[in-house]
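Survey of secondary and tertiary structure
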Amino acid sequence: METKSMCRAVRGIGGGVNVLKPSAVILALFSVFPSLSWSAGGETEEVTLGGVFVSTTKSSSRLEDSPRAISVVSKEELHSHGTSGGIQEALGALPGVEFARSGGLGGQIIMRGFNSNTQRSMLAIDGDRFRGRSTLELNLVDPFVVERIDVIRGPASSIWGADAMNGVVNVITRRAKVGHDEPFRLEAKVRGVEYNSVNRMRAGRAEVIGGGKGFDVLVGVTSRKADDYRTPKGTAENSRYESQGVDFRVGYSPTAKTRFEVAGRYQDVTTGRAGGLGAAPGLPYFRISEAPIKEKYLKLGVESRETGAWADVVEGSFYVRKLETDIYQDNATNAAGGLSPTTTHMHIKVHTPTVFGGRLNATKALGDHKLAYGVDFFNEDFKSRKLQVSQTNTATGAITWPAGTRCPPVTGPTLWPAGSWCLMERGTEQTNIGLHVSDDWQATQKLTLSGALRFDYIKTVIDRDPVPGEPLATSQAIDAAGRKRVDRPVTGSLGSVWKFAPEWSAVAHISQGFLAPSGNARSTTSSAGSILTIPAPGLKPEHSTVYEAGIRHDGRNTRFGLTAFHSRYKDLIVLVPVTPALSQRMNVGSAEINGIEFDGEWRVSKPWLIRGMLSVTRGTNKTDGKPLEAIPPL
């Protein structure tokens, strides 16, 4: 039974990879068509304060002293890729990372074999965890706002917690760069203007920036609009998108060593999926669009170097994020797979979750040791989604309401009244509190040893009351597995960096990973798109152990890194087909993924720089010894 399930399940491990049908592949290929962009700089010199805390390692150690595989994407590198694909195109240029386009705007990334939609890699913005939209979250990051992106390729659960099994993407946003004692002054600037010929994308950003007398101020407005992509095979329908947003970061430093901050953001994004991520085969058979995706975000932060003997630098934050999405699905297929005379429309309201969280981190140098320690937390309250169904006659255009609809789709026994909104699943809530400590020890002049340890308390609760029409089997499964689940994982890592020559280093690293299924993963009854799922209330956590070794060269005109890794997964969570029409998330056994990653650059002369990367990844189902599917091999 387990072997058979595993064979069927591995097809979905890569997430968005195996749904990149021809129309989506064409989008990815032709996103490299020429684009024109211009940006205005001229900002004053940056005065950093506590910037070490917005790195992926949460420590004050230098990048070259970390045994982890870390990449940094500068804003110049980001803009060289253009902004039509969001930040995903720039991330896709990193070793071990692939860009899985799911529509005109952005998509997901695949890090070391797993799609970010599976929640095995996490997104952070200025060090704060982004939760609530694993499928769409990267679409909400405005490239014009980014200062740089720090990426851990590989496990980081011992630092960041449960979502960081395969990697961390930490987006560092820009702020005004003003000296503490400068006179107060604000300027209005055009930050950037961009045009992309392949889809007539028009984008621009205007800012008010400046400060002085202890203040730093940045307020920006961004707009981006694009038509459907044009390809040699015709127009890729349903690939257009539109995005508007406003954001601000305002800081006040009463002294040169302490800074308080308030930051916020509002984003409104409308985008279609031209065959990607559940929308295959695309129009005229199937159409999915998010219209709109909204984000409301507010954060309070503080960082200080006036902390006494117990810490050199302390940094803290508290944030609240509200997410709302309206998903529209139009299905024009008949039972035989051809076109139907009627089109069924589903409008899904995902006006949830509300997430709040925060952190308090500190660093302290003690002789040859650089300590980092702290606490972080988040609470994700995910309310039930709502569904409404209607139909359109293709010939006449007449709109009708079915006499009744089964909700949740396919599995619900109750026929809901025509035109009504029905609840799709029970609401859930997840709370995570984590304590972490790490140390980078300069054992000798040539040897650095690193270690990290983290304890998490994770509580997941499914609502007590069943939604109207909930199948009896679902209710019984939730009762049998228990509505409440508490996990207390302890994860650790050990690593070393040996500088055996002036420009050469050897690195080794072993780390544990942990994935706690979200409440939504345990209770969801369907996913947006053509893949229908049933609840998995008994879903267990997933564990991993990863071994890494590599060599690095950092010379005057050349730099490269070569990393090999071996990942072992226990209680692997995958989406398993249980019938031709339904799937379910299951723990199906064990697997391993092996890979080699290379990246490097050569400064040929002052104006010329050559960069390159190569990744090879292979996965194996340890249950039956067969290769894992949907993993980008090269």
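Residues numbered from 1 in each chain as written. Predicted model: local features only at pLDDT ≥ 70, side-chain atom pairs only at ≥ 80, totals over all residues. Heavy atoms only, no water.

Things to note about the overall build of the protein
Summing up its helical and strand segments, the protein has seven helices and 38 strands in all. By residue count, 55% of the 634 residues in the protein fall in the buried class. Long-range pairs, those at least 24 residues apart, make up 68% of the contacts in the protein between residues at least 6 apart in sequence. When the accessible area of the protein is evaluated, it comes to approximately 26,200 Å², of which 59% is carbon and sulfur surface. (Helix = DSSP H or I, 4+ residues; strand = E, 2+ residues; numbered from the N terminus. Buried < 20%, exposed > 50% of the residue type's maximum accessible area, 1.4 Å probe, protein only. Contact = heavy atoms within 4.5 Å. Areas by Shrake-Rupley, 256 points an atom, 1.4 Å probe, with all protein chains shown as cover.)

Looking at the packing of aromatic side chains
In the structure shown here, the tally under the stated rule is ten aromatic pairs. Ring plane angle 40° and centroid distance 4.7 Å describe the contact between F215 and Y252, whose orientation is recorded as tilted. Pair noted here: F215 is in strand β12 (residues 215-226) and Y252 is in strand β15 (residues 241-255), with a separation of 37 residues, a long-range link. Relative to F356, the ring of F318 has its centre 6.3 Å away and its plane inclined at 40°; by these criteria the two rings are tilted. Linking F318 in strand β18 (residues 313-333) with F356 in strand β20 (residues 354-366), this pair joins segments that are 38 residues apart in sequence. Residue F356 is classed as partly exposed on the basis of its relative accessible area of 32%. Here the aromatic residues F184, F215 and Y252 are joined through ring pairs into a cluster of three or more. When the ring centre of W421 is taken as reference, the NZ or CZ atom of K349 above it lies at 4.4 Å. (Phe/Tyr/Trp six-rings, centres within 6.5 Å; stacked < 30°, edge-to-face > 60°. Lys NZ or Arg CZ within 6 Å of the ring centre and 35° of its normal.)

So, the pairing of strand β10 (residues 185-196)
Bridge count between β10 and strand β11 (residues 201-212): eleven bridges; the pairing is antiparallel. Directly across from K189, in β11, lies its bridge partner E207. Between the end of β10 and the start of β11, which pair antiparallel, lie four residues, with R200 showing a positive phi angle near 55°. (Pairing = 2+ DSSP bridges.)

A short note on the sheet that holds strand β3 (residues 97-101)
Reading across the sheet, the three strands line up as β3-β4-β5 and stay open at both edges, with antiparallel pairing between neighbours. Either end of the sheet is taken by a strand with one partner, and the two such strands are β3 and β5 (114-115). Alignment of β3 against strand β4 (residues 107-111), held across five bridges, turns out to be antiparallel. Paired with V97 across the strands is M111, a residue of β4.

Let's talk about the sheet that holds strand β9 (residues 167-173)
Strand order in the open sheet made by the five strands is β2-β8-β9-β6-β7, with mixed pairing throughout. Taken across any chain shown, the strands that pair with only one partner, and hence form the sheet edges, are β2 (70-74) and β7 (128-130). Strand-to-strand twist across the sheet, computed as the mean angle between neighbouring axes with direction ignored, equals 25°. Here β2 pairs with strand β8 (residues 146-153) via five bridges, running antiparallel. By the bridge assignment for β8, S71 is matched with V151. (Axes fitted to C-alpha atoms, helices over the stretch in contact; angles between N-to-C directions.)

Side note on helix α6 (residues 472-481)
The periodicity of an α-helix, 3.6 residues per turn, causes residues three or four positions apart to be oriented the same way. Every buried residue belonging to α6 is among T474, S475 and I478, and all of these are buried. All buried residues of α6 lie within an arc of 100° about the axis, which places them on one face of the element. Looking at α6, the residues exposed on the side facing more than 90 degrees away from the buried face are L472, A473 and A480. Where α6 is buried, its residues touch β28 (447-462). Immediately beyond the C-terminal end of α6, within one or two residues, lies G482, with a positive phi of roughly 95°. (Arc of directions from axis to C-beta.)

Digging into the pattern of salt bridges
As enumerated under the stated definition, the model contains 45 salt bridges in all. A salt bridge links D163 to R131; the shortest N-O distance between them is 2.8 Å. Of the two residues, D163 is situated in the loop between α5 (157-160) and β9 and R131 in the loop between β7 and β8; the sequence distance between them amounts to 32 residues. The two residues D163 and R131 agree in class, both being buried. A salt bridge links R131 to E380; the nearest nitrogen and oxygen atoms lie 3.1 Å apart. Linking R131 in the loop between β7 and β8 with E380 in strand β21 (residues 369-382), this pair joins segments that are 249 residues apart in sequence. (Salt bridge = Lys/Arg side-chain N within 4 Å of Asp/Glu carboxyl O.)

Some remarks on the nonpolar core
Among the nonpolar cores identified, the biggest contains 30 residues, and I87, L91, I149, V169 and V171 are the most heavily contacted of them. Those elements giving two or more residues to this core turn out to be α4 (88-91), β4, β6 (121-125), β8, β9 and β11. By residue number, the principal contributor to this core is β8, which donates three residues. Counting residues in each nonpolar core, the second largest holds 18 residues, with A536, V574, A591 and L628 among its members. (Core = buried A, V, L, I, M, F, W, Y, C linked by side-chain atoms within 4.5 Å.)

Concerning a nonpolar patch on the surface
On the surface, a cluster of nonpolar side chains totalling about 780 Å² of accessible area is made up of F184, L186, V208, F215, V219, V221, V246, Y252, F260 and V302. Looking at the nonpolar patch, the elements that each hand over two or more residues are β12 and β15. Counting residues per element, the nonpolar patch draws most heavily on β12, at three residues. Accessibility expressed as a relative area gives 35% for Y252, which makes it partly exposed. (Patch = residues over 30% accessible without salt bridge, like charges linked within 9 Å, V, L, I, M, F, W, Y side chains within 5 Å.)

With respect to the environment of E187
Assignment of secondary structure puts E187 in strand β10. Judged by relative accessible area, E187 falls into the partly exposed class, the value being 31%. Through-space distance from the C-alpha of E187 to that of G211 is 9.1 Å; in sequence the pair is 24 residues apart. Apart from the residues within four sequence positions on either side, E187 is in contact with E207, V208 and I209.

Considering the environment of A263
Inspection of the secondary structure puts A263 in strand β16 (residues 258-273). On the basis of relative accessibility, which here comes to 5%, the residue A263 falls in the buried class. Along the chain, A263 and L218 lie 45 residues apart, while their C-alpha atoms are 9.4 Å from each other. Residue contacts for A263: discarding those within four places in its chain leaves F248, R249, Y297, L298 and K299.

Re unusual backbone geometry
Going from L283 to P284, the amide bond is cis rather than trans, its omega being 5°. Relative to the elements of secondary structure, P284 occurs in the loop between β16 and β17 (286-304). Here the bond from A291 into P292 is cis, since omega is 5°, no more than 30 degrees from zero. Among the secondary structure elements, P292 is positioned in strand β17. One non-glycine residue with positive phi stands out, namely Q119, at about 65°.

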